[in-house]
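Below, each chain spelled out in residue letters.
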Amino acid sequence: MLPWFRTILRGGRLFSTEATTQTITLRPYQEHCLQACEDALNAGNSRIGCSLPTGSGKTTIFISLLSRISPPSSNPRASRSLIIVNSIELARQSAEQVARLFPSWTVQIEQGVKHLASGTADVTVATYQTLLQPERFAKFDPTRLKAVIIDECHHAAAPSYLKLLSHFDSNIRNPDPNFEPPTLQHKIPIIGFSATLSRHDGIALGSVFERIVYHRDFLSMIKDQWLSGVRFTTVQANINLDGVTVNSRTGDFNATSLAHVINTDTINQLVVQTWLDRAAAERRSTLVFCVNIAHVRALTQVFRGFGIDARYVYSKTPIAERKALIASFKAGQFPVLVNCAILTEGADIPNIDCVVVARPTRSRNVFAQMIGRGMRLSPDTGKKDCRIIDFVDSANRVAGIMSTPTLFGLDPADLVIEDETLESLEEKSSAQIASQDADNVPDPESVTYTDYEDPFAFVSEFSGLSPHINQLSSYAWVGCGNDIYVLECLGKGFIRIEKVEATDVPAHFSARFTPAALDRATAADLKVSPFLRSRRILQSEDLSEAIKGCDTYAKTKVVFGPMAIGLLRSARWRKAPATPQQLAFVTKRLKKTLDDEDHELKNITKGEAANIITRLKHGAKRRHDQKVKQASVATKAAEKERARRAREEVRIGPLPLV
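What counts and how
Residues numbered from 1 in each chain as written. Predicted model: local features only at pLDDT ≥ 70, side-chain atom pairs only at ≥ 80, totals over all residues. Heavy atoms only, no water. Disulfide = S-S within 2.5 Å. Buried < 20%, exposed > 50% of the residue type's maximum accessible area, 1.4 Å probe, protein only. Helix = DSSP H or I, 4+ residues; strand = E, 2+ residues; numbered from the N terminus. Core = buried A, V, L, I, M, F, W, Y, C linked by side-chain atoms within 4.5 Å. Contact = heavy atoms within 4.5 Å. Axes fitted to C-alpha atoms, helices over the stretch in contact; angles between N-to-C directions. Parallel < 35°, antiparallel > 145°, perpendicular 65-115°, else oblique. Left-handed = near helix turned anticlockwise from the far one by under 90°. Nonpolar A, V, L, I, M, F, W, Y, C, P; charged D, E, K, R; others polar. Salt bridge = Lys/Arg side-chain N within 4 Å of Asp/Glu carboxyl O. pLDDT = per-residue confidence, 0-100.

**Q** Describe the state of the cysteines, with residues and values.
**A** Taken as a whole and assessed by the stated rule, the structure comprises zero disulfides. For the unlinked cysteine Cys-290, the closest cysteine sulfur is that of Cys-340, found at 7.3 Å. Its sulfur unpaired, Cys-489 is 9.3 Å from the next cysteine sulfur, which belongs to Cys-550. For Cys-489, a relative accessible area of 0% gives the class buried.

If you want it as structure tokens, here you go:
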């Protein structure tokens, strides 16, 4: 802690500072943000949000904004400000910056047992956790506040924040149904700042903020050289996230489930080896993001096993030890700092020149926060740019995972990213879009789906699910889905071909003939079961050979001589109208009647009805229903994913309440 700042906070009492007022030189975008806030407040909007990336100087912006907000004319006594943060690190950073920029202001911290504010300072920086204690919150009289600032305000829609903010604005609903909002003499501006002003868990920020008045993403900031340049390396690995569970509230992976896949000797060795190959020689300060505490410890040990001085920090690291570790890391005393969720927000470590994302995420916000840690400018340390190393599944088995390619709209499965810059990745993205546009395919006005899994589908020439069978045989084979093909043998049984896939033998097609069941009287006379056993006909790795062999078997062993003509697709009997028995069977399975409007069953032929019945008997309906259900589940999941991604997009303008 700086000496001049220590005097301000000693014992919780207020002291004047000997520092002189520092001239504030704002960057152009910072001034634009301030102007957007002032315009919105003057227009009558009292709850506004601003979105700026890590390293953009949000703290400087909102402190400067406080200097431009005057007490309302209706309540000149409202001259104090409250800054709400979510960690002691952010509290210290904000308080230090207030003292540095406006040394004539009194500033205090309200946090834990060591920082007890009086509630009467010009600016108080408080953690929301401490303010949730009634006796601590009671120090702050809303009628004396001219503004409330919320740092990392994407948290502001959480119930814990709503409990606090509802005291400052009656339009913010307190989760407690018995809460009675105080009567205020004036509207207290509530202004939020965040690098990720959106939530992917579906909780609406509109429950707190009326509108977003300013947004600047990190890509545009890098282009304008307000943030450090970046170089990207994406490593494709066998990381199967297919079985990793997803938190239904946040939409991101469950850490414990994710750790089972990521925290392995193989992947940890890969992470460290990649760092040795791509970063060790030229990078001085690397920040590594892990899944959980066990992963932090395991990966740190692998780094150390290669002789790298790697250290780690996590939520249970004592505050004093955490401060010392981060200070040493800032000073360049060791090259690798491994963490889990503790440095995603609020870490001001400009010298970071390499970020290793060793924890996959489905959240654009989380991914942006992690790589944003390395984007602060730090020319004094010799930093020229920051290398981002992340890992993707080489098989691209799970959709919705954020990575460097997806950040630029590229397919991680089709692209090797090695030492790419922002500009080169944008060129690849533009080339991909241009290539797609070059196809000059207009958007369809309508879409028609032909679902050959449907047992009731009327397929041309009665070939069932697989029209290609027409080219292999003149007989009336019916496809029943999943590479199952059936030839009904005119009441004498059926031949069934199905694909067999096993680990111990090559994939092949197996054909069997199942004779028709005997009538009960005959079976009784012969004292046998009416159901005869099926016989194996052949086995072939080629479907066309299997079809030809079965055709020969059918006309020589099952249906003899001229009767074999009835097996043809063109057989005369197939063109006759369906029999009442066929129609009764089919309509029963359809759960419809022939009187239903627009029902095609009235006019189907014997052949079409026979195809439908064959498919029903051989499980096509069950497979069809299963695929329909799977498709429905997939559609709902895709819609949910699109909605989640849409919530992570930040746009200037009014915020929805839900």
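So that's the structure; there's more coming.
**Q** Which residues make up unusual backbone geometry, and what values do they have?
**A** Backbone geometry places Gln-225, a non-glycine residue, at a positive phi of 65°. In this fold, Gln-225 is placed in the loop between α8 (218-223) and β8 (229-237). Take Gln-225: its relative accessible area is 63%, and that puts it in the exposed class. The residue Leu-490 is not glycine, and still its phi comes out positive at about 55°. Position of Leu-490 relative to the elements: it lies in the loop between β16 (484-488) and β17 (493-500). Relative accessible area serves as the criterion here: at 34%, Leu-490 is assigned to the partly exposed category.

**Q** Go over the nonpolar core, please, and point to the residues and values.
**A** Counting 68 residues, the largest nonpolar core has Ile-83 and Phe-193 as its most contacted members. If you tally residues by element for this core, the top one is helix α4 (residues 88-101), at seven residues. Once residues within four sequence positions are removed from consideration, Phe-193 is found in contact with Cys-33, Cys-50, Leu-52, Lys-58, Ile-61, Phe-62, Leu-65, Ile-149, Ile-150, Asp-151, Glu-152 and Cys-153.

**Q** I'd like a rundown of the packing of helix α2 (residues 28-42) against helix α3 (residues 58-68), residues and numbers included.
**A** Contact geometry for α2 and α3: axes closest at 10 Å, N-to-C directions at 45°. By the angle between their directions, the pair α2 and α3 is classed as oblique. Every pair of crossing elements has a handedness; the one defined by α2 and α3 is right-handed. Together, Gln-30, Glu-31, Cys-33, Leu-34, Cys-37 and Glu-38 of α2 and Thr-60, Ile-61, Ser-64, Leu-65 and Arg-68 of α3 make up the contact between the two elements. Along the lines of polarity and charge, the residues of the contact of α2 with α3 split into five nonpolar, three polar and three charged.

**Q** Requested: an account of the pattern of salt bridges, with residues and values cited.
**A** By the definition in use, this model includes 14 salt bridges. The salt bridge partner of Arg-68 is Glu-31, with a shortest N-O separation of 3.0 Å. Of this pair, Arg-68 sits in helix α3 while Glu-31 sits in helix α2; the two residues are 37 residues apart in sequence, bridging distant segments of the chain. Here Asp-252 ties to Arg-359 by a salt bridge, and the two come within 4.0 Å at their closest N and O atoms. Taken as a pair, Asp-252 in the loop between β8 and α9 (255-262) and Arg-359 in the loop between β12 (354-357) and α13 (364-372) lie far apart in primary sequence, 107 residues in all. Exposure class is identical for Asp-252 and Arg-359. Each is buried. When salt bridges that share partners are traced, they join Glu-282, Arg-283, Asp-385 and Arg-387 into one network.

**Q** Which residues make up the confidence of the model for the protein chain, and what are the values?
**A** Confidence in the prediction for the protein chain averages 82 pLDDT; 80% of positions are at 70 or higher. Under a pLDDT of 50 for its full length, residues 1-21 has, in the predicted model, 36 contacts with residues more than four places off or in other chains.

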